[in-house]
Amino acid sequence: QVQLLESGGGLVQAGASLRLSCLASARTFSSYTMGWFRQAPGKEREFVSAIIWSNGNTNYADSVKGRFTISRDNAKNTVFLQMNSLKPEDTAVYYCAAAWRTFMGARLSDTSEYDYWGQGTQVTVSS
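A quick note: this is a predicted structure, and the numbers were derived from the prediction, not measured.

With that settled, the discussion passes to the packing of aromatic side chains. Evaluated as defined, the whole model comprises 6 aromatic pairs. Ring geometry for Phe37 and Phe47: centres 5.6 Å apart, planes at 75°, overall edge-to-face. Within this pair, whereas Phe37 is found in strand E4 (residues 32-39), its partner Phe47 is found in strand E5 (residues 46-51), the two being separated by 10 residues in sequence. In this pair, the class of Phe37 matches that of Phe47, namely buried. With a centroid separation of 5.2 Å and an interplanar angle of 85°, the aromatic rings of Phe37 and Tyr114 are classed as edge-to-face. Taken together, the positions of Phe37 in strand E4 and Tyr114 in the loop between strand E9 (92-100) and strand E10 (116-117) put the pair 77 residues apart, joining distant regions of the chain. Tyr114 gets classed as buried once you look at its relative accessible area, which sits at 6%. Taken together, the ring pairs in this structure connect Phe37, Phe47, Tyr114 and Trp117 into an aromatic cluster. Of note, Arg45 hangs over the ring of Tyr95, and the distance from its end group to the ring centre comes to 3.7 Å.

As for its position among the elements, Asp90 is in the loop between strand E8 (78-83) and E9. Exposure remark for Asp90: the relative accessible area of 1% places this residue in the buried category. Engagement of the side chain of Asp90 in a polar contact is seen with the side chain of Arg38, the distance being 3.0 Å. Side-chain polar atoms of Asp90 contact the backbone nitrogen of Lys87, separated by 2.8 Å. What Asp90 contacts, discounting residues up to four positions off in sequence, is Arg38, Arg67, Phe68, Ser85, Val123 and Val125.

Reading the values: rules and limits
- Residues numbered from 1 in each chain as written.
- Predicted model: local features only at pLDDT ≥ 70, side-chain atom pairs only at ≥ 80, totals over all residues.
- Heavy atoms only, no water.
- Phe/Tyr/Trp six-rings, centres within 6.5 Å; stacked < 30°, edge-to-face > 60°.
- Helix = DSSP H or I, 4+ residues; strand = E, 2+ residues; numbered from the N terminus.
- Buried < 20%, exposed > 50% of the residue type's maximum accessible area, 1.4 Å probe, protein only.
- Lys NZ or Arg CZ within 6 Å of the ring centre and 35° of its normal.
- Polar contact = N/O pair within 3.5 Å; in protein donor to acceptor, adjacent residues only side chain to side chain.
- Contact = heavy atoms within 4.5 Å.

What follows is the structure, encoded as structure tokens:
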């Protein structure tokens, strides 16, 4: 069992920045690809970003590319999502997720690739 705890959400104005954190209880955190997803009211959960366990390569949804940055600190069992230039359409509950030792070709934008999920943290961006 791996537990994930998100923090750092809040209410901000358009153009502002937030940094989300996700603390993992995993004893082998460095062996997990970590992802961020978000879900707005009435919508499906959508992929935001992922960072691959083996090489640190990153993936981003087109909607956040150039504004968001995913990173990790394996010594602290933590993954981050730095969100800049926030827009009202970024408003959602943000979830972190962990996928054990993903292989080349894994579809990291699919929720089914991930083994563990956090409880979510609310991000609200006002216009």
